[in-house]
Amino acid sequence: MTTMTDTSNAVRFREFKMPDVGEGLTEAEILKWFVQPGDTVTDGQVVCEVETAKAAVELPIPFDGVVHELRFPEGTTVDVGQVIIAVDVAPGSGDDAPVAAEPAPEPVAEPAEPAEPAEPKGRTPVLVGYGVAESSTKRRARKGTEAAPAAASAAIQGEMNGHGTGAAVAEARPLAKPPVRKLAKDLGIDLATVTPTGDGGVITREDVHAAATPAPAPAAPVQTEAPAPVAAPAPVAAGARETRIPVKGVRKAIAQAMVGSAFTAPHVTEFVTVDVTRTMKLVAELKEDKDMAGVRVNPLLIIAKALLVAIKRNPEVNAAWDEANQEIVQKHYVNLGIAAATPRGLIVPNIKDAHDQTLPQLAASLGELVSTAREGKTSPAAMAGGTVTITNVGVFGVDTGTPILNPGESAILAVGAIKLQPWVHKGKVKPRQVTTLALSFDHRLVDGELGSKVLADVAAILEQPKRLITWG
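Parameters and conventions
Throughout this description, residue numbers start from 1 for each chain and increase along the sequence as written. pLDDT decides what is reported in this predicted model: residues at 70 or higher carry local features, side-chain atom pairs at 80 or more are listed and counted, and totals for whole chains, interfaces and linings draw on all residues regardless. The side-chain quantities take in all heavy atoms of the structure and omit both hydrogens and water. Every helix listed is a DSSP run of H or I at least four residues long, and every strand listed is a run of E at least two residues long, numbered separately from the N terminus. Three labels apply to residues, based on accessible area from a 1.4 Å probe with only protein chains included: buried if under 20% of the type maximum, exposed if over 50%, partly exposed otherwise in between. Residue contacts are counted whenever heavy atoms from the two residues lie within 4.5 Å of one another. Note on areas: these come from Shrake-Rupley sampling with a 1.4 Å probe, and a residue is covered only by the protein chains present in the view. Each patch groups residues whose relative accessible area exceeds 30% and which form no salt bridge, using 9 Å between like charges and 5 Å between nonpolar side chains of Val, Leu, Ile, Met, Phe, Trp and Tyr. Take a side-chain nitrogen of Lys or Arg and a carboxyl oxygen of Asp or Glu: if they are within 4 Å of each other, that pair is a salt bridge. Here a pair means two rings of Phe, Tyr or Trp (six-membered ring of Trp) with centres within 6.5 Å. Their orientation is stacked below 30 degrees between planes, edge-to-face above 60, and tilted elsewhere. Whether a charge lies above a ring is judged from NZ of Lys or CZ of Arg, which has to be within 6 Å of the ring centre and within 35 degrees of the ring normal. Only the contacting stretch of a helix is used when fitting its axis, a line to C-alpha atoms as for every element, and angles between N-to-C directions run 0 to 180 degrees. Between 65 and 115 degrees an angle is taken as roughly perpendicular, under 35 as roughly parallel, over 145 as roughly antiparallel, and anywhere else as oblique. For a crossing to be left-handed, the near helix must be turned anticlockwise from the far one by less than a right angle; the clockwise case is right-handed. Here, nonpolar core means buried Ala, Val, Leu, Ile, Met, Phe, Trp, Tyr and Cys residues that are tied together by side-chain atoms lying within 4.5 Å of each other. At least two DSSP bridges between two strands are needed for those strands to be called paired. Charge convention: Lys and Arg are scored as positive, Asp and Glu as negative, and His as well as the terminal groups of each chain are ignored. One atom stands in for each charge, and that atom is NZ of Lys, CZ of Arg, CG of Asp or CD of Glu. Two N or O atoms count as a polar contact when they lie within 3.5 Å, although within protein this holds only if one can serve as hydrogen donor and the other as acceptor, and sequence-adjacent residues are included solely when both atoms are side-chain atoms.

(A) A look at the overall build of the protein chain. The number of helices and strands found in the protein chain is ten helices and 19 strands. Buried positions account for 42% of the 472 residues belonging to the protein chain. Contacts in the protein chain between residues far apart in sequence, at least 24 positions, make up 65% of those at least 6 positions apart. When the accessible surface of the protein chain is split by element, carbon and sulfur atoms take 55% of a total near 24700 Å².

(B) Summary view of the side chain of Asp457. In this fold, Asp457 is placed in helix H9 (residues 448–463). The residues touching Asp457, leaving out its near neighbours within four places in the chain, are Ala310, Arg313, Asn314 and Trp471.

(C) Main features of a nonpolar patch on the surface. On the surface, a nonpolar cluster with roughly 310 Å² of combined accessible area is contributed by Val395, Phe396 and Val398. With respect to the element layout, Phe396 can be found in the loop between strand S16 (388–392) and strand S17 (411–415). In this structure Phe396 comes out as exposed when scored by relative accessible area, which is 61%.

(D) Expanded view of the packing of aromatic side chains. Counting across every chain of the model gives zero aromatic pairs. Between Arg14 and the ring centre of Phe63, over which it is positioned, the NZ or CZ distance is 4.3 Å. When the ring centre of Trp471 is taken as reference, the NZ or CZ atom of Arg313 above it lies at 3.8 Å.

(E) The arrangement of the packing of helix H7 (residues 299–313) against H9 in detail. Contact geometry for H7 and H9: axes closest at 9 Å, N-to-C directions at 135 degrees. On the basis of their axis angle, the class for H7 and H9 is oblique. The chirality of how H7 crosses H9 is right-handed. Together, Ile302, Ile303, Ala306, Leu307, Val309, Ala310 and Arg313 of H7 and Val454, Asp457, Val458, Ile461 and Leu462 of H9 make up the contact between the two elements.

(F) A look at the nonpolar core. Counting residues in hydrophobic clusters, the biggest one holds 47 residues, and the most contacted among them are Leu301, Leu307, Leu336, Ile390, Leu413 and Leu437. Going through the elements one at a time, helix H6 (277–287), H7, strand S12 (336–338), helix H8 (359–374), S16, S17, strand S19 (428–442) and H9 are the ones with two or more residues in this core. Of the residues forming this core, the biggest block, eleven residues, is contributed by H7. Setting aside residues up to four positions removed in sequence, Leu336 forms contacts with Ala304, Leu307, Pro349, Asn350, Ile351, Ala354, Val388 and Ile390.

(G) How the structure looks around the pattern of salt bridges. The final tally for this structure, using the stated rule, is eleven salt bridges. Between Glu49 and Lys377 there is a salt bridge, with its nearest N and O atoms 4.0 Å apart. Here Lys377 lies in the loop between H8 and S16 and Glu49 lies in strand S4 (residues 46–51), a separation of 328 residues in the sequence. Judged by relative accessible area, which is 30%, Lys377 ranks as partly exposed. In this structure, Glu449 and Lys453 form a salt bridge, with 3.4 Å as the shortest nitrogen-oxygen distance. A residue pair is termed a helical-turn pair when its members lie 3 or 4 positions apart in one helix, as Glu449 and Lys453 do in helix H9 at four residues. What emerges from the salt-bridge pattern is a single network uniting Glu15, Glu69 and Arg71.

(H) Geometry of the sheet that holds strand S8 (residues 83–88). Strand order in the open sheet formed by four strands is S1-S8-S6-S3, with antiparallel pairing between adjacent strands. Across the chains shown, the open sheet's two edge strands, defined by having one partner strand only, are strand S1 (13–17) and strand S3 (40–41). Bridging between S3 and strand S6 (residues 65–70) involves two bridges; their strand directions are antiparallel. Across the sheet, Thr40 pairs through a bridge with Val66, a residue of S6.

(I) A look at a positive patch on the surface. Taken together, the side chains of Lys281, Lys426, Lys428 and Lys430 make up a positively charged region of the molecular surface. With respect to the helices and strands, the residue Lys430 is situated in strand S19.

(J) Structural context of the pairing of strand S10 (residues 319–322). Pairing of S10 with strand S11 (residues 327–330), which is carried by four bridges, proceeds in the antiparallel orientation. Opposite Asp322, over in S11, you have Glu327 as the bridge partner. Counting the residues that bridge the hairpin from S10 to S11 gives four residues, and of these Gln326 lies at a positive phi of roughly 50 degrees.

(K) Examining the sheet that holds strand S2 (residues 27–33) more closely. The sheet built from four strands is open, its strands ordered S5-S4-S2-S7 with antiparallel pairing. Looking at the sheet topology across the chains shown, the edges are occupied by strand S5 (56–60) and strand S7 (77–79). The sheet shows a mean angle of 40 degrees between the axes of neighbouring strands, taken without regard to direction. Note: S4 against S5, five bridges, orientation antiparallel. Considered in S5, the bridge of Val46 is made with Pro60.

(L) The arrangement of the environment of Phe441 in detail. Considering the arrangement of structural elements, one finds Phe441 in strand S19. Phe441 gets classed as buried once you look at its relative accessible area, which sits at 0%. Sequence-wise, Phe441 and Ser410 are 31 residues apart; in three dimensions their C-alpha atoms are separated by 5.4 Å.

(M) Looking closely at H6. Buried within H6 we find Thr277, Thr279, Val283 and Leu286. In this fold, the buried residues of H6 make contact with strand S9 (267–275), H7, H8, S19 and H9.

(N) Seen up close, the environment of Thr76. Mapped onto the elements of the fold, Thr76 is located in the loop between S6 and S7. Considered as a pair, Thr76 and Ile30 are 46 residues apart in the sequence and their alpha carbons are 5.6 Å apart. Contacts of Thr76, omitting those with residues within four sequence positions, involve Ala28, Glu29 and Ile30. From its side chain, Thr76 meets the backbone oxygen of Pro73 in a polar contact 3.0 Å long.

Right, here's the structure in full:
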């Protein structure tokens, strides 16, 4: 390895690695760079947008400086932990040579003496990518410096992972993922004042929102530019009979999840056709209700509430199959997933603890979920931890379908188009608002009786919405 002898150069260039912006994701595609070499950046500024297997995410950089180099062009898929951008944190203080010309440079905070043999140590997982193996090199302390070895080690490790600078690490940087840092910046929250609740003292989005609740928190600023467009297929040559489109990003994740679900969980799908005329009347009345002012009221809201009540009456359906431990995991909460079609593909964000929400709260959550998905701003965290899902295929004019379970969930409800049809009502054939529901469930943990009860309860509520009160 090349040893740097110029102390100023050793800490001049900082490298930012592709972080794991989701839960265990291994790669992401760079959709768009918002900066170019020579641009000045500040701590928390968004420098690029990447698409993971779950969503498009904006990445803020955790330090100030001038962009020195973009390591990958737009459209490149990069592994988590690879350096994507180098920043000059002390512009004008030396030549333009990078810290090291090796494929995997190791930032050096101080002059080094010849290495002495030492037992190799493994890589340490960190918040942004992975740190390199701990150095086996012994370094001289700078003249006049009496910092403890532990503090020096912390400074070097922080420098490797983009936290703090080699010159000063007097204060520990709060642990938070890049999207959480951006949220805190948008809301004007100092992360140093936030109490972390995540594993290992990591600050979560919920922690930031909780810190912002004492005073009305300003909404995240609306981007003035449209979301990065989905890469279009290459122009088809005249007379071409086929076009090949790379499978990556959200589409790749969908394919893997659906194949895994279809060939792991034994699916059973049941159907019921129901008269929802009274539900449609209730929707019309709620739209005029002052308590529902400012939120969107539609049939999906009542259907979602009906499913939550059905789960409350049949809690065994809200579970997951743990193959490794050969256990059925009963969930005492409902994170209600809503399948959403976006330009990048199908995503399933979920409403956390939907079972605890009132009807106005559920309406607000649905509205926020849908608008965020349409803007392409759904975070990976919003798509994690779902327990049951609703897919509204009726918006496409389809009567029903046989939905595939979202991995890790036990049931998914498909809602067909609501149409005016002839229906026997009170002994006479009348035109009524009718729809077809389809419930797919994992037959390993949901038997036919339980699945039928859940579907029948949802249908009964939609036929007589007053059951939301008598059963709820």
